[in-house]
Amino acid sequence: MTVLELGLYAALLAGVGSAVWRRPTVALYLFVVGLALHNAVMAALYAAGVRGTTLTAITAWKEILLAVALVRIGRDAWHDRRLPFRPALVDWLAIAFAALVVVYALIPQSVLDGQAGHKAVGLALRHDLVPVGAFFLGRSLLLTRDDLRRLGWTLLGVAALVAGVGLADAYAVSIGWWRTNGVIDYFHRHLGYDYHGTGTRLEGGPKGAVYGLPENFIYNVGGDKPFLRRLVSTFLSPLASGYLFVVALLVAAAALRRHWIVVALSVVTAAGLLWTFSRSSLIALAAGLVVLALVRRRPVELAAAVVVVGVAFGWAHLFPKIAPTGNWTKVDLEYQQRIATSAPTDFGATSASEPSLHSHWVSLREGARTTVHHPQGFGLGNVGQTASRTGTPIKAGESNYTELGAELGVLGALLWIAWGSALLAGLVRAGRSDPWAAGLAAAFAAVLALAVQTDVIGDPWIAYCIWGFAGALTLRTSPQVRLATAEAPAVASS
């Protein structure tokens, strides 16, 4: 069976890879659509019996297609004896960051007091370098007006689809189905995540490992009360879904015409964003609208940002009254009692001591403290998702800035901040004459804000799509886009 599975996968990948080789721009479309469906498809394959190295090979489709696109671009640059873009500060900062990542991957862990093994280092290397690769893919593409329009429609269409599926799931599908459909085992046994959400299982008896659905699948209102269902959809995550919705809404607001289809898709997407119950995503949307207002010098976006902030606070009180609910299992309750503390906890969504908000704050504070007290960093693989998956002691978590600081030292964190700032500045400059760049500037600003309290590049959709789009639109001007025709080569020759 494994031979057949790999054969079918190889044939499909060869066809798709051939399309990317002929026109690297195709990779952007595949990332927008494919990465939105990735987790759901991989979990379904796991449940169907596709396991181990076979499933690992299938999950690597995104890295393979990115490599194919970059190799094609590199081959053309070598043949033409010139780069497909004129190097600027933003490019040198990206190269410097990537070089530092590679250097830290080669430094023995013992030198930096790190404890990551080879697998953790490899996962961290991929985690840190994917945005760089996606950025240079975008920098090398000359997107035509038709490309931008099609990508914009694809982005909004995918967001509305993910939102629609998630809304239907939240009300029509029992949480019990999620506990038994293979998602728990996919996250725990294949990816190695140590989640302790509802559907808790005891591996190896009462004293064995405990695992369940991701904690953020639901919103805990405290005690043994029914929990609130959040939209998780095909991403299997309310946060990753929310990030897609924020980006799609900002791009649609900036660049897509006010056609009734755009309005309808945006309404569905906005509803999906609300049902993720991701307060940080709503605040990031407001921040993106502020940036959009500044770039376009229009007060309407600023007013919209104020409205979004008001909606965010109002929704925090309304959602618990209308949200779909679910009940804890007996094992869930027993586990919660086992780990319960006497510390006072307020489960109100706007309270500073609410467990999720408190956890983010503590993680950010401790990560910053670790970076300051260990400025050389601990090396790759000692932070965040990577450390969690590989059983490595976690030196910092959640925030991209503190994670990179704990991994790559103060220099790595500063390079990351400088690169992100330069990229945002390039998008802002381009956005003054190009609505697509303006939308991406707003979306990129929202992502940078989200990175303060979460590992945004740990979400493959963000790492591949946002950095790819940002690379394609930074330092570009409206006349360049207008002069590009549908027949223009996929790789820029300027």
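Just so it is clear, the structure is predicted and the values come from calculations on it, not from any experiment.

**Side note on the overall build of the protein**
Part 1: Helix and strand counts for the protein come out as 21 helices and five strands.
Part 2: Oriented by its inertia axes, the alpha-carbon framework of the protein measures out at about 65 × 50 × 50 Å.
Part 3: Approximately 21,100 Å² of the protein is accessible, and the part contributed by carbon and sulfur atoms is 66%.
Part 4: A distance of 7 Å separates the average location of the 39 positive side-chain charges in the protein from that of its 28 negative side-chain charges.

**Focus: the side chain of R72**
Part 1: Relative to the assigned elements, R72 resides in helix α4 (residues 61-80).
Part 2: Excluding anything up to four places from it in sequence, R72 contacts W21, R22 and P24.

**Considerations on the packing of aromatic side chains**
What characterises a pair of aromatic rings is the spacing of the ring centres plus the angle enclosed by the ring planes.
Part 1: Throughout the structure, instances matching the rule amount to 23 aromatic pairs.
Part 2: With a centroid separation of 5.5 Å and an interplanar angle of 85°, the aromatic rings of F135 and W419 are classed as edge-to-face. Within this pair, whereas F135 is found in helix α7 (residues 118-139), its partner W419 is found in helix α18 (residues 400-431), the two being separated by 284 residues in sequence. For the pair F135 and W419, a shared accessibility class is recorded, and that class is buried.

**Notes on the sheet that holds strand β4 (residues 227-229)**
Part 1: Strand order in the open sheet formed by three strands is β3-β4-β5, with antiparallel pairing between adjacent strands. The open sheet terminates on both sides in strands that have one partner only, identified here as β3 (218-219) and β5 (325-326).

**Re helix α5 (residues 89-106)**
Residues spaced three or four apart along an α-helix face the same direction, because each turn holds 3.6 residues.
Part 1: Its 18 residues place the ends of α5 26 Å apart at the C-alpha level, agreeing with the 26 Å of an ideal helix rising 1.5 Å per residue.
Part 2: Looking at α5, one finds that the buried residues are V90, D91, L93, A94, F97, A98, L100, V101 and Y104.
Part 3: In this fold, the buried residues of α5 make contact with α6 (109-112), α7 and α18.

**So, the confidence of the model for the protein**
Detail in the predicted coordinates should be disregarded across regions flagged by low pLDDT.
Part 1: Here the protein averages 90 in pLDDT, while 90% of its residues score no lower than 70.
Part 2: Every residue in residues 478-494 scores below 50 in pLDDT, and together they form 40 contacts with partners more than four places removed in sequence or on other chains.

**Regarding unusual backbone geometry**
Part 1: Although it is not a glycine, R297 sits at a positive phi angle of roughly 55°.
Part 2: By secondary structure assignment, the location of R297 is in the loop between α13 (279-296) and α14 (299-322).
Part 3: Located in the positive-phi region is E398, a residue other than glycine, with phi close to 75°.
Part 4: Summarising the element assignment, E398 is placed in the loop between α17 (384-390) and α18.
Part 5: Note on E398: relative accessible area 26%, which makes it partly exposed.

**A closer look at the packing of α7 against α18**
Part 1: At a minimum axis distance of 13 Å, the contact between α7 and α18 shows a crossing angle of 5°. Considered as vectors, α7 and α18 are oriented roughly parallel to each other. Facing A124, H127, D128, P131, V132 and F135 of α7, the residues of α18 in contact are N400, L404, E407, L408, W419 and L423.
Part 2: Partitioning the contact of α7 with α18 into residue classes produces eight nonpolar, two polar and two charged.

**So, a nonpolar patch on the surface**
Part 1: Together, V33, L37 and V41 line one region of the surface with nonpolar side chains, adding up to about 190 Å² of accessible area.
Part 2: Here V41 is to be found in helix α2 (residues 26-47).
Part 3: Here V41 falls in the partly exposed class, since its relative accessible area comes to 39%.

**Quick look at the side chain of K62**
Part 1: Mapped onto the elements of the fold, K62 is located in helix α4.
Part 2: With near-sequence residues (within four places) excluded, K62 lies in contact with F31, L35, H38, P460 and Y464.

**Some details on the pattern of salt bridges**
Where charged atoms from two side chains of opposite charge come close, those side chains can pair.
Part 1: Under the criterion given, the structure shown has 15 salt bridges.
Part 2: Where D185 meets R189, a salt bridge forms, and the shortest distance between an N and an O atom there is 3.3 Å. Linking D185 with R189, this pair stays in helix α10 (residues 183-190), spanning four residues, or about one helical turn.
Part 3: Judged by relative accessible area, D185 falls into the buried class, the value being 19%.
Part 4: Across the salt bridge formed by R298 and E301, the nearest N and O atoms sit 3.3 Å from each other.
Part 5: A relative accessible area of 5% means that E301 is categorised as buried.
Part 6: Three or more residues joined by partner-sharing salt bridges are found here, namely R23, D147 and R150.

**Looking at the nonpolar core**
Part 1: Counting residues in hydrophobic clusters, the biggest one holds 142 residues, and the most contacted among them are F31, F97, L137, L244, W419, W461 and W467.
Part 2: The element best represented in this core is helix α11 (residues 238-255), accounting for 14 residues.
Part 3: Not counting residues within four places of it along the chain, the set of residues in contact with F31 comprises A36, W61, K62, L65, L66, L137, W461, Y464 and C465.

Parameters at a glance
In every chain, residue numbers begin from 1 and rise along the written sequence. Confidence filtering applies because this is a predicted model: local features only for residues at pLDDT of at least 70, side-chain atom pairs given and counted only at 80 or more, and all residues used for totals across whole chains, interfaces and linings. The basis for the side-chain values is all heavy atoms of the structure; hydrogens and waters are excluded. Here a helix means four or more residues in a row that DSSP labels H or I, a strand means two or more in a row labelled E, and each is numbered from the N terminus. Surface accessibility in these figures is a Shrake-Rupley result with a 1.4 Å probe; residues are shielded only by whichever protein chains are displayed. The convention is simple: Lys and Arg are positive, Asp and Glu are negative, and His and the chain ends are not counted. Charged side chains are reduced to one point each, which is NZ for Lys, CZ for Arg, CG for Asp and CD for Glu. Only heavy atoms matter for contacts: two residues are in contact if any of them lie within 4.5 Å across the pair. Stacked, tilted and edge-to-face are the three classes applied to pairs of Phe, Tyr and Trp rings, where Trp contributes its six-membered ring and a pair requires centres within 6.5 Å; stacked means planes under 30 degrees apart, edge-to-face means over 60, and tilted covers the rest. For each residue, the accessible area found with a 1.4 Å probe, counting protein chains only, is set against the maximum for its type, and the residue is called buried under 20%, exposed over 50%, and partly exposed in between. What makes two strands pair is DSSP finding at least two bridges between them. Multiplying 1.5 Å by the helix residue count minus one yields the expected span of that helix. Across the chain, each position has a pLDDT score giving the predictor's confidence in that residue, from 0 to 100. A fitted line through C-alpha atoms serves as each axis, taken over the contacting stretch for helices, and the angle formed by two N-to-C directions is quoted from 0 to 180°. Reported orientations rely on four angle classes, namely roughly parallel under 35 degrees, roughly antiparallel over 145, roughly perpendicular from 65 to 115, and oblique for the rest. Classification convention: Asp, Glu, Lys, Arg as charged; Ala, Val, Leu, Ile, Met, Phe, Trp, Tyr, Cys, Pro as nonpolar; all other residues, Gly among them, as polar. Nonpolar side chains (Val, Leu, Ile, Met, Phe, Trp, Tyr) are joined into patches within 5 Å and like charges within 9 Å, using only residues with over 30% relative accessible area and no salt bridge. Salt bridges are identified by distance alone: a Lys or Arg side-chain nitrogen within 4 Å of an Asp or Glu carboxyl oxygen. To qualify as a nonpolar core, a set must consist of buried Ala, Val, Leu, Ile, Met, Phe, Trp, Tyr and Cys residues joined through side-chain atoms within 4.5 Å.

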